[in-house]
Amino acid sequence: MGDIASVVLSNSTREFDREYHYSIPDNMKGMVVPGVRVIVPFGKANRSMEAYVLDVIDKTEFNELKEIRKVLDDSPVLGKQMIKLACWMKDKYICTYSDAIKCMVPPGIGVKSFCIVKLIKQDPDVGKSQKKLLDILSENNGECELEELKSRANIKGFSKQLDLLEKAGLVEICEEYTSRVKEKTVRVASLALPRDEIIEDIESGRIKRIQQIRILELLLDNEYIAVPDIVRFSGASAGVLDTLRKYGYIFYKDINVNRDPLGNKVVERAEPLTPTPQQEAVLNRVKAMMDRGKFAEALIHGVTGSGKTEVYMQLIQHCLNSGKQAIVLVPEISLTPQTVYRFKSRFGNDVAVQHSRLSLGERFDQWRLIKDGKIKVVVGTRSAVFAPLDKLGLIVIDEEHENSYKSEITPKYHAREVARERCMQEDAVLLYGSATPSIDTYYRAKNGEMEFLEMSSRANNMLLPTVEIIDMRNELDEGNRSIFSRRLAAEIARNIESGQQTILFLNRRGHASFVLCRSCGHTIKCTNCNVSLTYHSHDERLICHYCGYTVKNPSTCPKCGSNYIRHFGTGTQRVEEELKKQFPGCSVIRMDADTTTYKNSHEEILRAFREKNINIMVGTQMIAKGHDFPNVTLVGVLAADSLLNSGDYNSSERTFQLITQVAGRAGRGKIPGKVIIQTYNTEDFSILAACNHDYNSFYSQEIIMRNALYYPPFTNISTVILSGPNDKLVFSRAKELKDFIAGRLANAGDGVSVLGPARAPLTKIKNKYRWRIVIKQRDMDMLTALLREVSDAFYSKRQNSGVDLNIDINPANML
Ligand code: ADP
Ligand code: ZN
Ligand code: ZN
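Not measured: the values here are computed from a predicted model. (Residues numbered from 1 in each chain as written. Chains lettered and ligands numbered in written order. Predicted model: local features only at pLDDT ≥ 70, side-chain atom pairs only at ≥ 80, totals over all residues. Heavy atoms only, no water.)

Regarding the domain arrangement of the protein chain
Note the cut-off: Residue ranges assigned to the domains are those given by an automatic or database domain assignment.
Taken domain by domain, the protein chain consists of domain 1 (4–77), domain 2 (112–179), domain 3 (277–455), domain 4 (466–510 + 571–706) and domain 5 (716–809). The distance between the C-alpha centroids of domain 1 and domain 2 comes to 39 Å.

Quick notes on unusual backbone geometry
Our working rule: Going along the chain from the N terminus, every DSSP run of H or I of four or more residues is numbered as a helix, and every run of E of two or more is numbered as a strand. Think of it in three bands: with a 1.4 Å probe and only protein chains considered, a residue is buried below 20% of the maximum accessible area for its type, exposed above 50%, and partly exposed in between.
Cis geometry is adopted by the peptide bond preceding proline 713, which originates at proline 712 and carries an omega value of 10°. Omega for the bond connecting glycine 756 with proline 757 falls within 30 degrees of zero, at 0°, which places this linkage in the cis form. In this structure, proline 757 sits in strand E31 (residues 753–765). In the Ramachandran plot, histidine 693 falls in the positive-phi region, its phi being about 50° despite a non-glycine side chain. With respect to the helices, strands and loops of the structure, histidine 693 is situated in the loop between helix H22 (685–691) and helix H23 (695–708). Residue classification places histidine 693 among the partly exposed residues on the basis of a relative accessible area of 36%.

A few points about the pairing of strand E3 (residues 37–42)
This is how it is decided: In this scheme, strands are said to pair when DSSP sees at least two bridges between them.
Counted residue by residue, E3 has six buried out of six residues, so it is predominantly covered. Pairing between E3 and strand E4 (residues 47–57): six bridges, direction antiparallel. Note that in E4 the partner of proline 41 across the bridge is serine 48. Taking the residues between adjacent antiparallel strands as the criterion, E3 and E4 are bridged by four residues, where glycine 43 takes a positive phi near 75°. Bridge count between E3 and strand E5 (residues 70–71): two bridges; the pairing is antiparallel. By the bridge assignment, valine 38 is partnered in E5 with valine 71.

Quick look at the pattern of salt bridges
In plain terms, the rule: For salt bridges, the criterion is a side-chain nitrogen of Lys or Arg within 4 Å of an Asp or Glu carboxyl oxygen.
Considering all chains together, one arrives at 40 salt bridges under this definition. Residue lysine 102 is joined to glutamate 217 by a salt bridge in which the shortest nitrogen-to-oxygen separation is 3.3 Å. Of the two residues, lysine 102 sits in helix H2 (residues 97–102) while glutamate 217 sits in helix H7 (residues 210–221), which places them 115 residues apart along the sequence. Exposure remark for glutamate 217: the relative accessible area of 18% places this residue in the buried category. A salt bridge links aspartate 163 to lysine 167, with the nearest nitrogen and oxygen atoms 3.1 Å apart. On the criterion of helical spacing, the pair formed by aspartate 163 and lysine 167 is a turn pair, its members being four residues apart in helix H5 (residues 158–167). Its relative accessible area of 35% is what places aspartate 163 among the partly exposed residues.

Section: the sheet that holds strand E33 (residues 804–809)
Spelled out, the test is: To get an axis, fit a line to the C-alpha atoms, keeping to the stretch in contact for a helix; angles then go from 0 to 180 degrees between the N-to-C directions. Residue contacts are defined here by distance: any two heavy atoms, one from each residue, within 4.5 Å place the two residues in contact.
Reading across from one edge, E31-E32-E30-E33 is the order of the four strands in this open sheet, with antiparallel pairing throughout. Here the strands that pair on one side only, and so sit at the sheet edges, are E31 and E33. Averaged over neighbouring strand pairs, the angle between their axes works out to 20° when direction is ignored. Bridge analysis of strand E30 (residues 716–724) against E33 gives six bridges, and the strand direction is antiparallel. When the bridges of E33 are listed, valine 720 appears paired with isoleucine 807. Its contacts with the sheet place helix H25 (residues 780–796) against E30, strand E32 (768–777) and E33, and it is angled at close to 175° to E33.

Observations concerning H7
The line we're drawing: Any helix carries an expected span of 1.5 Å times its number of residues minus one.
The end-to-end C-alpha distance of H7, which contains 12 residues, comes to 17 Å, matching closely the 16 Å that a straight helix rising 1.5 Å per residue would cover. Along H7, the positions that sit buried rather than exposed are Gln212, Ile213, Ile215, Leu216, Glu217, Leu218, Leu219 and Leu220.

Re the sheet that holds strand E26 (residues 588–591)
The strand order across the open sheet formed by six strands is E19-E29-E28-E20-E27-E26, and the pairing between neighbours is parallel. The outermost strands of the open sheet, each flanked by one partner alone, are strand E19 (466–471) and E26. Sheet twist, expressed as the mean angle between neighbouring strand axes with direction ignored, is 20°. Across four bridges, the pairing between E26 and strand E27 (residues 616–619) is parallel. By the bridge assignment, methionine 591 is partnered in E27 with glycine 619. Contacts from helix H17 (residues 486–498) reach E19, strand E20 (501–505), E27, strand E28 (632–637) and strand E29 (674–679), with the element oriented near 150° to E29.

Section: the side chain of aspartate 648
Which entries qualify depends on this criterion: Positive charges come from Lys and Arg alone, negative charges from Asp and Glu alone, with His and the N- and C-terminal ends not counted.
Take aspartate 648: it is sitting in the loop between helix H20 (640–644) and helix H21 (651–663). Despite being buried, aspartate 648 has no salt bridge partner; arginine 654 is the closest side chain of opposite charge, sitting 6.3 Å away. Residues contacting aspartate 648, with those up to four places away along its chain left out, are Val531, Tyr546, Asn813, Met814 and Leu815.

As for the coordination of the zinc ion (ligand 2)
Here is the rule we go by: Keep in mind that water is not among the atoms, so a site may look incomplete; donors are the N, O and S atoms within 2.8 Å of the metal, or 3.2 Å for Na, K and Ca. Note on geometry labels: four donors, all angles 85 to 135 degrees, give tetrahedral; four donors become square planar and six octahedral when opposite donors are over 155 degrees apart and every other angle is between 65 and 115; remaining cases are irregular.
In the first shell of the zinc ion (ligand 2), the protein supplies Cys517 (SG), Cys520 (SG), Cys557 (SG) and Cys560 (SG), at 2.2 to 2.4 Å from the metal. Between the four donor atoms coordinating the zinc ion (ligand 2), the angles at the centre fall across 107 to 111°, so the site counts as tetrahedral. Look at where the donors of the zinc ion (ligand 2) fall in the sequence and you get C-x2-C-x36-C-x2-C. Here cysteine 560 lies in the loop between strand E24 (550–552) and strand E25 (565–568) and cysteine 517 lies in strand E21 (residues 514–517), a separation of 43 residues in the sequence. On the basis of relative accessible area, cysteine 517 is assigned to the buried category, the value being 0%.

Comments concerning the environment of methionine 82
Within the secondary structure layout, methionine 82 lies in helix H1 (residues 80–92). Since its relative accessible area comes to 5%, methionine 82 is described here as buried. Remark: the alpha-carbon pair of methionine 82 and proline 388, spanning 306 residues in sequence, is separated by 7.6 Å.

Points about the site of ligand 1
Under the convention used in this document: Here a residue is considered near a molecule or strand provided that any single heavy atom belonging to it is located within 4 Å of it. Counting of polar contacts relies on pairs of N or O atoms within 3.5 Å, with two restrictions inside protein: one atom must be capable of donating a hydrogen and the other of accepting it, and residues adjacent in sequence are counted only when both atoms are side-chain atoms. Areas reported as accessible are Shrake-Rupley estimates using a 1.4 Å probe. Residue values count occlusion only from the protein chains shown. Charged means Asp, Glu, Lys or Arg here, nonpolar means Ala, Val, Leu, Ile, Met, Phe, Trp, Tyr, Cys or Pro, and polar covers whatever is left, Gly included.
Among the 16 residues in the neighbourhood of ligand 1, the closest are listed as Thr274, Gln279, Lys308, Thr309 and Arg342. Here glutamine 279 contributes a side-chain N or O atom positioned 2.7 Å from a nitrogen atom of ligand 1. Contact distances for ligand 1 include 3.3 Å between an oxygen atom and a backbone N or O atom of serine 306. Protein coverage of the free-state accessible area of ligand 1, which is 560 Å², stands at 71%. For the shell around ligand 1, the leading source of residues is helix H11 (residues 308–321), giving three residues. Along the lines of polarity and charge, the residues of the shell around ligand 1 split into four nonpolar, nine polar and three charged.

Some remarks on the nonpolar core
Most often, soluble globular proteins keep nonpolar side chains buried together rather than apart. As a reminder, the rule being used: Nonpolar cores are built from buried Ala, Val, Leu, Ile, Met, Phe, Trp, Tyr and Cys residues. Side-chain atoms within 4.5 Å join them into one set.
Met89, Met104, Leu216, Ile250 and Phe386 are the most contacted members of the largest nonpolar core, which totals 112 residues. Those residues within four positions of leucine 216 in sequence are excluded, and the remaining contacts are Leu191, Ile198, Ile202, Ile207, Leu244, Tyr249 and Ile250. The next biggest cluster of nonpolar side chains, apart from the first, holds 32 residues, and it includes Tyr312, Val328, Val351 and Leu394.

Looking at the packing of H21 against H23
The test is simple: Under this scheme an angle from 65 to 115 degrees is roughly perpendicular, one under 35 degrees roughly parallel, and one over 145 degrees roughly antiparallel; angles in between are oblique.
The contact between H21 and H23 brings their axes to 10 Å, and the two run at 170°. The orientation of H21 with respect to H23, classified from their angle, is roughly antiparallel. Along its contact with H21, which presents Ser652, Glu653 and Phe656, the element H23 presents Tyr695, Phe698, Glu702 and Arg706. By residue class, the composition of the contact of H21 with H23 is three nonpolar, one polar and three charged.

See below:
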């Protein structure tokens, strides 16, 4: 073994983001191994800095190496696979080593643990002092924190006596990171601003203090965190937290301690169900793949209720039987108590569930259990893909089409891609499941890149709801100018009368607004990009956010001449007002990102809707999925057009997925459901296919469009956004960068192009102007290499100060 350590800094800017070599002093040989953290002297001033050891080597081209000062861990914090994965992420997502490593270790890894003394058994024959200790423990439900025990016992030679008890096997001393919260309510902190704004402020360097950034990042990952926990895990003082509050980034509230609802309950073991013939066929195929012990992928396209979850569980069992471990990724919204219960009842203590409600301490304890090999199955959201299991056999990605698998903060990884890389490195099987697979995954499956498995019938024989399309052009013709069609209004009224509940769904991405002719349904599209143009009120123009093409907002419809052409965009608030007017006395609850979430959690709104039997819920995307409301029998989609015309190349895909999902909200109980879709464009294939529950017909039309216009999966799209307070400066830097890219892409062939710079869809955030360049490149390796060059070129120029760079590869939303 060598005596030189190659390390990377734990908290590094781009400038210092590389491997540094240090010599290992004799007394640390054997302790400095890949994956442990060390303290090294850094820079001219030899400041002590924390670093991760990536490798131990024999030779280096540098001489006069400095020595490592201290080793922080007894055993590696990062396993070998994780180090490899971190290096891959750094290249793939153009991020720093520390950005990548941050994904893999829980926050506050250096945090002091609590020593908990646990009573194993009483013994009447021990000495007086020892007896006192045992008695305190048994009075205290068998356990006590070490420090507390010490002060309560108040005996001489405390440590020695405790030691003797431990040696005699009467007590056990464990390290834990969860503080024993005794109070019923705790003060928690949550974000007080939209996530977009906070991310922007972090990424642009507007928030500079590392402690503030750490706190905000913790809160981006967690709906709320107890104040004492934040302080402990971020290493920041309570004063930093107060400052963030003063600037309006966070707010405090007191909540009831929400203990794990299943924590104390004994979960009954449930046996596997006897598979249906369809499930059996899928099981056999995937088991055969797993038995080969090599990397392989499979997609299960199965309608909701076809029994995919049951299939996952039986495959996980198969994995455990062969001595391996498994990860199941689910969207946050699917981690309902029912799902958690299903996995716990099947796998008992072998399973860990990771969601954003875990306290940081609980998360840490879980991470340790996984690292120590005590957990065999991890069920969790996006970040669970980094669970440090060392005998990985299977990763399942449920609802693989979900946007939430893409990280919106640096590193902007996609859990699907990380899972794939991990499975390749560790010879595991990767299984995707969805009722509405993403075009990308479906295309790969159809092309023979993975096993394709179908489950077309429902395991529980529930009926699919009936779906009706209402042509809003007729409503206008016949004098109805309300936002509700007559048909929908009648159904709402009927539901209010009979005490059944209604959900009204409205798409609103917040920023985008498009122009639509209410007489003929015509919308104005970009001639180059075939996406809807976006309306900008300040200069009354329409603009394409891909290529920058722009036209004046027309006053009459270019197709039919009607002057009922105007920009479109109804807010949830407007719908609520309209409901109150048209249906006096009805109860309405609203759920959207702009208003409610910051002060009331989703959960509270959903619970109120369910328990108080409120007549109507009005909401955006976030009510579309996951929730089960047995009393909801009517779902209305108010303007399917706003999904279709979002100005994004994947708007048809999103429309199909969302309609399918919202339709799934209707009729979960005994009464069959009804779905009414209002649109000015009744001929659109994605709406029609969704109404007929026909994925194949949707896919076969969409894929032709994607091919013709060079959109993914036929190319990769990357966005490069520059932003800063000086509009002209940002634009000129963007223009330079664009020319640089264009030079690199000259003669690159079909489907490779660079567009822009055009104003980004969010033209300005917090007084910073934003310009965007869009790159299309079919070859992913060439794209990442190019982006690395772009990043290097940008950061090497000191005069860029005042301009920020932000790169995203295949962003989930172009808007
Ligand atoms: P999906 O994940 O595809 O939506 P689930 O696995 O949740 O489907 O199954 C839907 C319902 O069907 C559940 O209530 C489940 O218990 C039931 N189910 C699934 N498989 C079977 C089976 N083989 N026999 C009986 N019921 C089943
Ligand atoms: Zn028209
Ligand atoms: Zn365009």
